[in-house]
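# Residue-level structure breakdown
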Amino acid sequence: MELNLNGKGALVFASSAGLGKGCALELAREGARVVLVAREENRLRAAQSEIERETGNRPDYVVGDVSKTDSIVTAINTTIDKCGSLYALVCNAGGPPAGTFAKFDDDAWRQAFELTLMSIVRSVREALPYLEENGGRVVTIASSSTRMALPNLLLSNVFRTGITGLVKSLAIEYGDRDILLNVLCPGRFDTDRVAQLDGIRAKRESLSLEEVKTLEQKAIPVGRYGDPKEFGRVAAFLCSPANTYVTGQTILVDGALTTCY
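From a predicted model like this one, the values you see are computed outputs, not experimental measurements.

### Remarks on the overall build of the chain
Each helix and strand in the chain was counted, giving eight helices and seven strands. Relative to the globule expectation of 18 Å for 261 residues, the C-alpha radius of gyration of the chain, 18 Å, shows essentially globular dimensions. Reported as C-alpha extents along the three principal axes, the dimensions of the chain are approximately 55 × 40 × 35 Å. Total accessible area computed for the chain in this model is approximately 12,200 Å², and 50% of it derives from carbon and sulfur atoms. For the chain, the distance from the average site of its 30 positive side-chain charges to the average site of its 32 negative ones is 2 Å.

### Brief notes about the pattern of salt bridges
Counted according to the given criterion, the structure contains 20 salt bridges. One salt bridge in this structure joins Glu 41 and Arg 45, with 3.4 Å as the shortest N-O distance. Residue Glu 41 and its partner Arg 45 are located together in helix H2 (residues 41–55), separated by four residues, close to a single helical turn. For Arg 45, a relative accessible area of 48% translates into the label partly exposed. Three or more residues are tied together by salt bridges with common partners; here these are Arg 188, Asp 198, Arg 201, Arg 204, Glu 205 and Glu 216.

### Some remarks on the sheet that holds strand E6 (residues 179–186)
Pairing in this open sheet of seven strands is parallel, and the strands run E3-E2-E1-E4-E5-E6-E7 from one edge to the other. Among the strands making up the open sheet, the edge pair consists of strand E3 (60–63) and strand E7 (250–253). Averaged over neighbouring strand pairs, the angle between their axes works out to 20° when direction is ignored. Judged from the four bridges that link them, strand E4 (residues 88–91) and strand E5 (residues 136–141) form a sheet pairing that is parallel. Paired with Ala 88 across the bridge in E5 is Arg 137. Relative to strand E1 (residues 9–13), helix H3 (residues 69–83) is tilted by about 155°, and along the sheet it contacts E1, strand E2 (33–38) and E3.

### A few points about the packing of helix H4 (residues 106–134) against helix H5 (residues 154–174)
Direction vectors running N to C along H4 and H5 enclose 20°, while the axes themselves pass 9 Å from each other. Our classification of the angle between H4 and H5 gives roughly parallel. Crossing geometry of H4 relative to H5 is assigned as right-handed. Across the interface between the two elements, Ala 108, Trp 109, Ala 112, Phe 113, Thr 116, Leu 117, Ile 120, Val 121, Val 124, Leu 128 and Glu 132 from H4 touch Leu 154, Leu 155, Val 158, Phe 159, Arg 160, Gly 162, Ile 163, Leu 166, Leu 170 and Tyr 174 from H5.

### So, the environment of Val 194
Summarising the element assignment, Val 194 is placed in helix H6 (residues 192–205). Distance from Val 194 to Lys 213, taken between C-alpha atoms, is 9.7 Å for residues 19 residues apart in sequence. Not counting the four nearest positions on each side in its chain, Val 194 is found in contact with Arg 188, Phe 189 and Tyr 225.

About the cut-offs
- Here, residues in each chain are numbered from 1, in the same order as that chain's written sequence.
- The model is predicted, so local features are restricted to residues of pLDDT at least 70 and side-chain atom pairs to those at 80 or more, both for listing and for counting; the totals for chains, interfaces and linings are taken over all residues.
- Note: side-chain values were computed over all heavy atoms of the structure, leaving out hydrogens and water.
- The numbering of helices and of strands both runs from the N terminus, where a helix is a DSSP run of H or I of at least 4 residues and a strand a run of E of at least 2.
- The globule rule used here is 2.2 Å times the number of residues to the 0.38 power, and the radius of gyration it is set against is calculated over C-alpha atoms.
- Under the convention used here, a 1.4 Å probe and the Shrake-Rupley method define accessible areas, while residue burial counts only the protein chains that appear.
- We score Asp and Glu as negative and Lys and Arg as positive, and we do not count His or the chain ends.
- All charge positions are set by atom: Lys at NZ, Arg at CZ, Asp at CG, Glu at CD.
- For salt bridges, the criterion is a side-chain nitrogen of Lys or Arg within 4 Å of an Asp or Glu carboxyl oxygen.
- The classification of residues rests on relative accessible area computed with a 1.4 Å probe and restricted to protein chains. Under 20% of the type maximum is buried, over 50% is exposed, and intermediate values are partly exposed.
- Strand pairing is assigned whenever DSSP identifies at least 2 bridges connecting the two strands.
- Axis definition: a line fitted to C-alpha atoms, limited for helices to the stretch in contact. Angles are taken between N-to-C directions and run from 0 to 180 degrees.
- By definition, residues are in contact when any of their heavy atoms lie within 4.5 Å.
- Each angle gets one of four labels, with under 35 degrees taken as roughly parallel, over 145 as roughly antiparallel, 65 to 115 as roughly perpendicular, and the rest as oblique.
- Here a crossing is taken to be left-handed if its near helix is turned anticlockwise relative to the far helix by less than a right angle, and right-handed if that turn runs clockwise.

Right, dumping it as structure tokens:
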């Protein structure tokens, strides 16, 4: 299938590693003009080099923090300057801290709200004038916690679910303008975030990281963690003109780990 992304501007937040980088790589592979955003320039440079090496398509990058409005505005303006337009927007941010209800004070709740939900509100709001010009696609990375509450991930359970309501509402509001928006929910992928969560479980249960990973993989019907590139391929389709009718959906990419409907 031709995704027809050649030359189209694509902005991917939190894309120096993990699922964000997987999305950026696959968009670049399909010919999009990609702009990466993350807080650490050395990691952005490494991601830029890796993506160019794998695809022959060198992305640009912006050093910025997705929880800050100024960084979002700068990233979008840079995409317009470098690419001439903005067609695909991938909203992504690091996950909020793990923990249970008694652990978090008001500041922790506010910070998780800003990072997990308001970063998407601001990104879409700033991008909309450009998306409305010629249509566009938005993919928001959330979590399987949108379908099933995950132990020890209270903040993610609360705010990721809010993302699904936001995206469904925006899909209805902007569907007649050829702006399609979807939520992608990963299960367990080989990322720093999952390694961190595995480490928390290993410490809590006095297990090695290898033992935890073995136990987690046994619970996944396909028998392994996902590769971020596999996630990125789904995102690339949803972000492309080849997607003409999928919008307002919350889609699990988890190897059938989540058993609820």
